[in-house]
Amino acid sequence: MNNNIIEEINFVNEPVLNYDLGSTERTELEAELVNIKNGIIDIPVIIGGKEIRTGNKGLCILPHNKNKVIGEFHKAGKKEIEMAIEEALNAKEKWEKLPWQSRIAIFLRAAELAAGPWRAKLNASTMLTQSKTYKQAEIDSACELVDFFRNNAVCLQQIYSEQPLSTKKVWNKTEYRPLEGFIFAVSPFNFTSIACNLPSAPAIAGNTVLWKPASNTVYTSYVIYKLFQEAGLPDGVINFIPGNAGEISDTVLSNKNLSGIHFTGSTKVFQNMWTAIGNNIYNYKTFPRLVGETGGKNYIIVHNSANINSASRGLIDGAFEYQGQKCSAASRAYIAKSVWSEVKENILEKAANIKFGDIEEIDTFMGAVIDKKSFDTIKNYIEYAKNSKDAEIIFGGNCDDKIGYFVEPTIIVTSDPHFKTMEEEIFGPVMTIYVYEDEKFSDMLSLVDSTSNYGLTGAIFAKDRYAIEQAQKALVYTAGNFYINDRPTGAVVGQQPFGGSRLSGTNDKAGSKINLMRWISPKVTKETLAN
Ligand SMILES: NC(=O)c1ccc[n+]([C@@H]2O[C@H](COP(=O)([O-])OP(=O)(O)OC[C@H]3O[C@@H](n4cnc5c(N)ncnc54)[C@H](O)[C@@H]3O)[C@@H](O)[C@H]2O)c1
Ligand SMILES: N[C@@H](CCC=O)C(=O)O
């Protein structure tokens, strides 16, 4: 049998479209935005392909227009979760026996649909439910989502082709089994591509999955689910179970057939899940694989040799794109004193040019933050800075939730490198700057290293190669993704495999072979030919 059905696919990233006025993509997207806003859809729980309406409902609203409802979703309760586990276990036998080429073909078909006829729907629902601009939706729900599908297919084929050495007398072979049991995938609100990859990466490797989407973005997750169906994913392989996180978790994590968690979200939630699993460890049939990509307190360093304009662009884009709600967003910056006044002037000018508000206008840079809870948390941090003698707000600082959850891009300067907003993840458009003495570059690097238990992303802007090398060595454990002369956001699948260490996660690099290996349990067979 020719195993190499995708041999000729050299992975290439999905091109980012421009959405110029009059372009087909712009026209289709505008029509889809209107279409979604004109309706209220009813979103069921989907178990084994069956739609279940529990009547216990949540609302799908727009963060930038909080009274606008575009959907209602039914929440799964304990009974539905138990059904979903049973269906996932039932579906597994057929799914894992399907030739891997057939599994991969489904996800490659999903990639084609997402890159083509489903692109507008995916982007429009992402813009509306997450308050993303055209550009931020396009790089997420079109390009990164398609890249995950395609790169997973290519990586899986590479994994399957790796076989151990054999000799004339001994034939060895590795079978790449999926895990025994079911996988629990739990997604965050902020990236459609990540939400899609969390259930689909284990599934492409032959596992069956219970997928709990984030409550704020059930609408977009439902669109993804329909895309899976359209691509031909058999019933029961991925089971769609929106609902109350704690209630779902209690039932899932205590089930003896749990074989893995694929999580992206906050560090605290992942720690709680890990604790619950630890407490139940004697009851499982296997050791559940725990894959979790979590929070960050990402930094930018501006050395005195930096190109000031590039550094300033990096600071603004890194901190404020998608309202600072990327796990990779820069939220603390260390700037050399000798260049500070020039950097300050430059970033204030760029910040003043940020257009924020209506995400449906093509030149808008920022929309609203996701919900009231997040709005209140961010506002509290800003208030804290306003009331502190150790900090000054040099830009922004206003919050307004009359229509939607809007927070101005906010820049704080502090004299205390351990100021609260230098240390804690805020997950909003707030960047805090500490100005360091040029001659204390080494001390500043130690400070960057020791300030945070997170280790997700970091960046340095410098021309001085000695400074760059010194920073890379001193900061080796501070970031799973490190950037030189670029902002610390915007990792591209296949180019910068993404994930952080320390308390930023298990660093299994979503969309790569490393991640896929976590959903596989290899079995090696030795056959002696000489006996
Ligand atoms: N490292 C990464 O790759 C990455 C990517 C995206 C987001 N994030 C992180 O995600 C966070 C923001 O996303 P969020 O607000 O959706 O995170 P969150 O932790 O609040 O929620 C994530 C998911 O976990 C669920 N959840 C909440 N409590 C749970 C429980 N007790 N048991 C099981 N599931 C539970 C939520 O309903 C949601 O589906 C930030 O900390 C951000 O840094 C990390
Ligand atoms: N991979 C994205 C971040 C995902 C987290 O939210 C980036 O690199 O900016």
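The residue numbering used here restarts from 1 in each chain and proceeds along that chain's sequence as written. Starting at A for chains and at 1 for ligands, labels are handed out in the order in which the entities are written. At least 70 in pLDDT is required for a residue's local features to be given in this predicted model, at least 80 for side-chain atom pairs to be given and counted, and no such filter applies to totals for whole chains, interfaces and linings, which use all residues.

- As annotated in an unreviewed UniProt entry, the chain carries the name L-glutamate gamma-semialdehyde dehydrogenase and comes from Sedimentibacter acidaminivorans.
- UniProt positions are given in the numbering used here, feature names are shortened, and annotations may be inferred rather than shown by experiment. The Sequence similarities (unreviewed entry) field of the UniProt record for the chain holds the comment "Belongs to the aldehyde dehydrogenase family."
- Under the Catalytic activity (unreviewed entry) heading, UniProt states for the chain: "L-glutamate 5-semialdehyde + NAD(+) + H2O = L-glutamate + NADH + 2 H(+)".

**Thoughts on the domain arrangement of the chain**
Okay, step 1: Note that domain bounds follow an automatic or database assignment of domains. Splitting the chain by domain gives domain 1 (25-294 + 508-524) and domain 2 (298-492).
Okay, step 2: Computed over C-alpha atoms, the centres of domain 1 and domain 2 are 31 Å apart.
Okay, step 3: Distance between backbone-placed C-beta atoms decides contact: two residues are in contact if it is within 7 Å. Contacts between domain 1 and domain 2 engage 15 residues on the former and 17 residues on the latter.
Okay, step 4: Comment: elements are numbered from the N terminus, with helices defined as DSSP H or I runs of at least four residues and strands as E runs of at least two. Looking at the side of domain 1 that touches domain 2, the elements that each hand over two or more residues are β5 (65-74), α4 (119-130) and α5 (134-161).

**Quick look at the pairing of strand β7 (residues 182-186)**
Okay, step 1: Here β7 lies mainly inside the structure; five of its five residues are buried.
Okay, step 2: Across the two faces of β7 the burial is the same, with F182, F184 and V186 and I183 and A185 all buried.
Okay, step 3: Here β7 pairs with strand β10 (residues 258-264) via five bridges, running parallel. By the bridge assignment for β10, A185 is matched with H262.
Okay, step 4: Pairing between β7 and strand β8 (residues 209-212): four bridges, direction parallel. Within β8, the position partnered with I183 by the bridge is V209.
Okay, step 5: For crossovers, right-handed means that the path from the first strand over the helix to the second runs clockwise, given strands pointing away from the viewer. In this fold, β7 hands off to helix α6 (residues 192-204), which returns the chain to β8; that crossover is right-handed. Our exposure labels follow a C-beta count within 10 Å of each residue's own C-beta, placed from the backbone: buried means 20 or more other C-beta atoms, exposed means 12 or fewer, and partly exposed covers the counts in between. By the convention used here, strands pair only if DSSP detects at least 2 bridges between them.

**Quick word on the sheet that holds strand β17 (residues 410-414)**
Okay, step 1: Strand order in the open sheet formed by seven strands is β14-β17-β18-β13-β12-β20-β21, with mixed pairing between adjacent strands. If you trace the sheet from one side to the other, it starts and ends with β14 (391-395) and β21 (481-484), each paired once. Strand-to-strand twist in this sheet, taken as the mean axis angle between neighbours without regard to direction, amounts to 20 degrees.
Okay, step 2: Taken together, the four bridges between β14 and β17 define a ladder with antiparallel strand orientation. Across the sheet, the residue bridging to A391 is T414, located in β17. Angles run from 0 to 180 degrees between N-to-C directions of axes, and those axes are lines fitted to C-alpha atoms, restricted for helices to the stretch in contact.

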